[in-house]
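# Structural overview for review
In case you want the letters, here they are:
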Amino acid sequence: TLAYGLERLVVLRRRRVIPKDFVKRFLSHLEQGQLDRARALKLCEDNGSPIADIFAHAVRKWGKPAVEIEQAVIDGGERQVAHLRKNLRVFNGVGSIGPLLGLLGTTIGMIQCFNEIAGNAAAMGKARQLAGGIGVALTTTAGGLCVAIPAMVLYMYLIGRVDSLVAEMDGLSQKVVDLISAEALAAA
């Protein structure tokens, strides 16, 4: 969980996914008519960020109807979203399985207690003889929760970050579509 968490925190940094300078410069050049299809595509490929990849999908359809460009953006965006969500299932899995493993340990600890009582009638009412099994039960429950809770918090945080980045990329991509579609070029 820790390794995947660190990896996802690095990969999902905003400036890595949506480099501000690149986006600002790219959109500005498009608005001012300083880019043609080939130059715009080269800029996107050179940048290599997820937003640049989505822009490149749009640029490849330069001058086509807005609907066609939007479909290309959706296709490219789906690939990027899959890349951004990569490994997030690990956190959900750990968050779900952690308490189950704790419950398994609780069950084993309680079985030890009952076996102690069944094997030794004198153990009934003697906390010291039952404490080992109860200790196992409580330790495993706490261990499972100590793993599951941070995993679920990290999962929720990272899903929120991905959703935020995707929404921002969608808005920026729409600006590109509005600038390079056949309708926009005919109006200019």
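Here's what I pulled together on the structure shown here. (Residues numbered from 1 in each chain as written. Predicted model: local features only at pLDDT ≥ 70, side-chain atom pairs only at ≥ 80, totals over all residues. Heavy atoms only, no water.)

## Observations regarding the packing of helix H4 (residues 37–47) against helix H5 (residues 50–59)
Where H4 contacts H5, the axes come no closer than 8 Å and their chain directions differ by 155°. Classified by the interaxial angle, the pair formed by H4 and H5 is roughly antiparallel. Crossing of H4 against H5: the hand is left-handed. Residues Arg37, Ala40, Leu41, Cys44 and Asn47 of H4 form the contact with H5, whose own contacting residues are Ala52, Phe55, Ala56 and Val59. Across the contact of H4 with H5, the residue classes break down as 7 nonpolar, 1 polar and 1 charged. (Axes fitted to C-alpha atoms, helices over the stretch in contact; angles between N-to-C directions. Helix = DSSP H or I, 4+ residues; strand = E, 2+ residues; numbered from the N terminus. Parallel < 35°, antiparallel > 145°, perpendicular 65-115°, else oblique. Left-handed = near helix turned anticlockwise from the far one by under 90°. Contact = heavy atoms within 4.5 Å. Nonpolar A, V, L, I, M, F, W, Y, C, P; charged D, E, K, R; others polar.)

## Some details on the nonpolar core
Counting residues in each nonpolar core, the largest one holds 35 residues, and the members touching the most others are Ile18, Phe22, Val23, Phe26, Ile51, Phe55 and Val176. A per-element tally of this core places helix H8 (residues 127–180) first, with 10 residues. Apart from residues lying up to four places away in sequence, isoleucine 18 is in contact with Val23, Ile51, Leu165, Glu168, Met169 and Leu172. (Core = buried A, V, L, I, M, F, W, Y, C linked by side-chain atoms within 4.5 Å. Buried < 20%, exposed > 50% of the residue type's maximum accessible area, 1.4 Å probe, protein only.)

## What to know about the pattern of salt bridges
Pairing is possible between side chains of opposite charge, provided their charged atoms come close. Taken as a whole, this structure holds 6 salt bridges when the rule is applied. Of the charged contacts in the structure, one is a salt bridge between arginine 60 and glutamate 45, with a shortest N-O distance of 3.6 Å. Taken together, the residues arginine 60 in the loop between H5 and helix H6 (66–84) and glutamate 45 in helix H4 connect sequence positions 15 residues apart. Taking relative accessible area as the criterion, arginine 60 reaches 36% and is therefore assigned partly exposed. You can call glutamate 45 partly exposed: its relative accessible area is 47%. Notably, a salt bridge pairs glutamate 68 with lysine 61, separated by 3.6 Å at the nearest N-O pair. For glutamate 68, a relative accessible area of 32% corresponds to the partly exposed category. Overall, the relative accessible area of 28% leaves lysine 61 in the partly exposed class. (Salt bridge = Lys/Arg side-chain N within 4 Å of Asp/Glu carboxyl O.)

## Digging into the packing of helix H1 (residues 2–11) against helix H7 (residues 88–119)
It is at 10 Å that the axes of H1 and H7 come closest, and there the two elements cross at 145°. The way H1 lies across H7 gives a crossing that is left-handed. Listed contacts from H7 to Tyr4, Gly5 and Arg8 of H1 are Leu88, Val90 and Phe91. Its residues assigned to classes, the contact of H1 with H7 shows 4 nonpolar, 1 polar and 1 charged.

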